[in-house]
Each structure stands twice: as C-alpha cells, then as structure tokens.
Amino acid sequence: MQDVVLAMLAKEPAHGYELRGRMRDALGPLGDAMNAGQVYVTLARLGKAGLVTSERADGLPDRPDRRVYALTPAGQQRVAGWLAEVSWPKPDLTEFHLKLVTAAAGRLADPVALVDAQRREVLRRLRDTQLAALDRSVDPVAGVLLEGVVLRLRADLEWLEACERMWTDRDRTAREAEA
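An account of the accompanying structure is given in this report. Because the structure is predicted, anything quoted here is derived from the model rather than measured.

1. Notes on the overall build of the chain
At step 1: Along its length, the chain carries seven helices and three strands.
At step 2: The helix and strand sequence of the chain, counted from the amino end, reads α-β-α-α-β-β-α-α-α-α.
At step 3: For the chain, whose C-alpha radius of gyration is 20 Å, the value lies well above the compact-globule estimate of 16 Å for 179 residues.
At step 4: Counting only C-alpha atoms and orienting by the principal axes, one finds that the chain spans roughly 70 × 45 × 30 Å.
At step 5: Here the chain holds 179 residues, and 34% of them are scored as buried.

What follows is the structure, given as structure tokens:
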C-alpha cells in the first residue's frame, strides 16, 4: 500500500481523499472494500519515514483542515525502485495492477515494459521450478508442491498476457485518438 500511495503522489501532490478516490477508481468494485482510513494511516507512516511532506491547504467550510501531501526526494527514489522491482510471485495481484495504473497515470514508466519485466521473472521461476520437479529424487510430497507452483506460475503468465493486451490496446487507442 505504501508504494502505491507514493507512486500516486509522483504524478502530483494530492489530498488523502483524492488518493483514496484514485485508488478506488483504479480497483473498480474491489476498491469499495478498502478501509477509508487506510490511506491516511499510510500517509502518516510515510511522513514519519521522511518519504512525504504535507502542508495545510485552504479547504471548504465543511473540511477546513485539509492537508496536501507531496513526495520528498527519498520518496521519489523509493517509487523508482518499486517500479523497477520484478519480484514474483507476490500473492497480491492488486499491487501489481496498481503499479501499472500509477505508472501510466503519472507517466512514470511504460506499463507494457513493466509487464514484460514481470513476465521474464515468472518465466525464469517457471523454468527453475520445472527443472526441480523433473528431479527423480524429489519426495512425492514435495513434488505436489512443485506442481502447484508450476500451475500458479502458468496462471500468472496468462494474467500477464491479459495485462499486456489491455495496456497495448489502450495505448493504441490513445495514439489513434491523438492522430
């Protein structure tokens, strides 16, 4: 959650309420289950860690105490590191989805390039797991775990292909609209 909030701030400074709305929009129906206070707790932790700053902003009469959050240089470095990270399998597909959304929205990175980097990592892990599963000395109990890992990695590859198709089509549609 922290990296997602930081990446959303990379585009521009924002109120916590705006960040929550962006996240809810990016997640569609899954965003409705998000705890309203989660973004504010995350912002407080990021502030204590020196990754964001905040300033009071003129608000509305019913919300006079609004704060605008912005990245510090350390926060910008953390976003760059997060975007470059290709660790897999993380069980949280939502985080990777939000990485693609924030990368595109903030023009921080090409979502298709991020998908490609993840695909290479998944393929590497799939190859290693398949080689381990072929080892005749592997206990059958451990073998069934390896089989499960192979199936999970194959499903992850299919999902990454779906992500690539969606982002490629979206990019093509945007270019055609500009022409």
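Once the structure has been displayed, the description carries forward.
2. Digging into the packing of helix α1 (residues 2–11) against helix α2 (residues 16–27)
At step 1: The N-to-C vectors of α1 and α2 enclose an angle of 105°; their axes lie 11 Å apart at closest approach. Here α1 is positioned roughly perpendicular relative to α2, judged by the angle of their axes. Contacts between α1 and α2 involve V4, V5, M8 and L9 from the former and L19, R22 and M23 from the latter.
At step 2: Here the residues of the contact of α1 with α2 are counted per class, giving six nonpolar, no polar and one charged.

3. Some remarks on the packing of aromatic side chains
At step 1: Within the structure shown, the criterion is met by one aromatic pair.
At step 2: One cation-aromatic arrangement involves K99 over W82; the distance from NZ or CZ to the ring centre is 5.1 Å.

4. Observations concerning the side chain of T72
At step 1: Residue position: T72 is located in the loop between β3 (66–71) and α4 (73–84).
At step 2: The class for T72 is buried, based on a relative accessible area of 11%.
At step 3: Polar side-chain contacts of T72 include one of 2.7 Å to the backbone oxygen of G50.
At step 4: The residues contacting T72, other than those within four sequence positions of it, are G50, L51, V52 and T53.

Conventions we followed
Residues numbered from 1 in each chain as written. Predicted model: local features only at pLDDT ≥ 70, side-chain atom pairs only at ≥ 80, totals over all residues. Heavy atoms only, no water. Helix = DSSP H or I, 4+ residues; strand = E, 2+ residues; numbered from the N terminus. Rg over C-alpha atoms; globule rule 2.2 N^0.38 Å. Buried < 20%, exposed > 50% of the residue type's maximum accessible area, 1.4 Å probe, protein only. Axes fitted to C-alpha atoms, helices over the stretch in contact; angles between N-to-C directions. Parallel < 35°, antiparallel > 145°, perpendicular 65-115°, else oblique. Contact = heavy atoms within 4.5 Å. Nonpolar A, V, L, I, M, F, W, Y, C, P; charged D, E, K, R; others polar. Phe/Tyr/Trp six-rings, centres within 6.5 Å; stacked < 30°, edge-to-face > 60°. Lys NZ or Arg CZ within 6 Å of the ring centre and 35° of its normal. Polar contact = N/O pair within 3.5 Å; in protein donor to acceptor, adjacent residues only side chain to side chain.

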